[in-house]
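What follows is the residue order along each chain.
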Amino acid sequence: MKRSIYLSLGLLLAVTIWMLSGVLTRAPEAAFTADELRAERQMMKVSVLDVEAVEIDREIIVQGALEPSRQVEIRAQTASRVVDLPINKGEPVAPGTVLIELAQEDRAVQLKRAEAEVNSQQHEVAAIRKLKEKGLQSENRARAAEAALAAAQAELERARIELDYTDIEAPFEGVLEERYVELGSHVEKGDRVALLVDGAVLKAVGRVSQQSAGQLGLGQPIHVRLLDGREANGQVTYISRLGDTGTHSFRVEAEVPNPQGQLSAGTSAEIRIIVGQESAHFLSPAVLALDVTGEVGVKVVNSDDVVDFYPVTLVRTEANGVWVSGLPAHARVISQGQGFVSAGEVVVPVPAS
């Protein structure tokens, strides 16, 4: 009987010691370091690329077009017949250049007649004033003579203007874009005869979303890129305070110098409005990843070789990459293998070739 009791006690003691040995041998595993974990199991290798932050322009990019800074439809100020067209379509002109010449008809004769009438009335007034000083002429007669002189002077001015209207001139420097008449055409007062466009300065025009409109300011620099690759710079000159009710966007205009005429109005253009400076990293879009919540970010390897996930904001796009903000100034970005590792995981970083 005593032997059975001793045997049971011995078995119980052996089981207790075995259980305690399991706890004691497993407890230190929670305190393993990263180096010890590497030794315990195979670590995932990832390619990393060292990138540094730089200061870049923060931009608002809109699609727009180039328009003339000013254009005017020139109209005839008098009725007559076209007798000369000294300027061809597409030619640049200076202010005051005669674009279209109309027949003078009898306007020169009317001008000479008006000049003669003014001269006659001037002599009449001078004679009446002398007589009035001697008391030989009434005040009413003197006033009537002066009124007749004023009427003659007004008629002379009208005749001069009417003659000047036969030479239709350019009001400012520009290019004769259109001509609506030909030799022999008869025009009436108010008929359009030509379209003059100022090509020395253009307007870059686009619409900015209501989310971005608050970042705009007059004088901000812009960069314009045309579809054919031509580029130009300018600055913001107008920001609408009234948004479009349909698109909830705001019109913005920028002045773009075009002294050599290398840019053409009416062409589509990408307008980049520079609204500030920002620290950013240039990366390939291939390194962008999503976290468990669907947020866009970048996976990097920290100094302990542990994967960190940083949400990023897209600052600017280029043809061969993107600029993003939200990363540390210096970062070891995972360029290959980011899809197979998760934040908090220890990895073996290998410099990207």
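Enquirer: Help me out: how do you make sense of unusual backbone geometry in this one?
Expert: Even without a glycine there, the phi angle at Glu105 is positive, about 50°. Inspection of the secondary structure assignment puts Glu105 in the loop between strand 6 (98-102) and helix 3 (107-133).

Enquirer: Hey, could you run me through the pairing of strand 17 (residues 296-301) in this one?
Expert: Taken across its 6 residues, strand 17 has 5 buried, putting it largely inside the fold. Across 3 bridges, the pairing between strand 16 (residues 288-290) and strand 17 is antiparallel. Across the sheet, Leu290 pairs through a bridge with Val296, a residue of strand 17. Hairpin remark: strand 16 followed by strand 17, antiparallel, with 5 residues in the connecting loop; positive phi at Gly294, about 90°. Bridge count for strand 17 against strand 18 (residues 307-311) is 5 bridges, and the pairing is antiparallel. When the bridges of strand 18 are listed, Gly297 appears paired with Pro311.

Enquirer: I keep staring at the nonpolar core and nothing clicks. Help me out?
Expert: If you look at soluble globular proteins, the nonpolar side chains tend to sit buried side by side. Counting residues in each nonpolar core, the largest one holds 21 residues, and the members touching the most others are Leu66, Ala204, Leu216, Ile222, Val224 and Ile273. Of all the secondary structure elements, the ones that give two or more residues to this core are strand 2 (54-68), strand 11 (201-209), strand 12 (221-226), strand 13 (231-239), strand 14 (249-257) and strand 15 (268-283). In this view, Ala204 contacts Ala65, Leu66, Ile222, Val224, Val252, Glu253, Ala254, Val256 and Ile271; residues no more than four positions away in its chain are not counted. Listed in part, the 18 residues of the second largest apolar core include Val93, Ala170, Leu176 and Leu196.

Enquirer: Just checking my understanding: could you explain the packing of helix 3 against helix 4 (residues 139-164) for this structure?
Expert: Close contact between helix 3 and helix 4 brings their axes to 8 Å; oriented N to C, the two are set at 160°. By the angle between their axes, helix 3 is roughly antiparallel relative to helix 4. Our pair here, helix 3 against helix 4, has a crossing hand that is left-handed. Broken down by class, the residue content of the contact of helix 3 with helix 4 amounts to 14 nonpolar, 4 polar and 13 charged.

Enquirer: Quick question: what am I supposed to make of the pattern of salt bridges here?
Expert: When their charged atoms lie close together, side chains carrying opposite charge are able to pair. Under the counting rule described, the total for this entry stands at 20 salt bridges. Close ionic contact of Glu105 with Arg107 constitutes a salt bridge, the shortest N to O distance being 3.4 Å. For Arg230, the salt bridge goes to Asp228, with nearest N and O atoms at 2.8 Å. Classification of Arg230 as partly exposed rests on a relative accessible area of 30%.

Reading the values: the criteria
Residues numbered from 1 in each chain as written. Predicted model: local features only at pLDDT ≥ 70, side-chain atom pairs only at ≥ 80, totals over all residues. Heavy atoms only, no water. Helix = DSSP H or I, 4+ residues; strand = E, 2+ residues; numbered from the N terminus. Buried < 20%, exposed > 50% of the residue type's maximum accessible area, 1.4 Å probe, protein only. Pairing = 2+ DSSP bridges. Core = buried A, V, L, I, M, F, W, Y, C linked by side-chain atoms within 4.5 Å. Contact = heavy atoms within 4.5 Å. Axes fitted to C-alpha atoms, helices over the stretch in contact; angles between N-to-C directions. Parallel < 35°, antiparallel > 145°, perpendicular 65-115°, else oblique. Left-handed = near helix turned anticlockwise from the far one by under 90°. Nonpolar A, V, L, I, M, F, W, Y, C, P; charged D, E, K, R; others polar. Salt bridge = Lys/Arg side-chain N within 4 Å of Asp/Glu carboxyl O.

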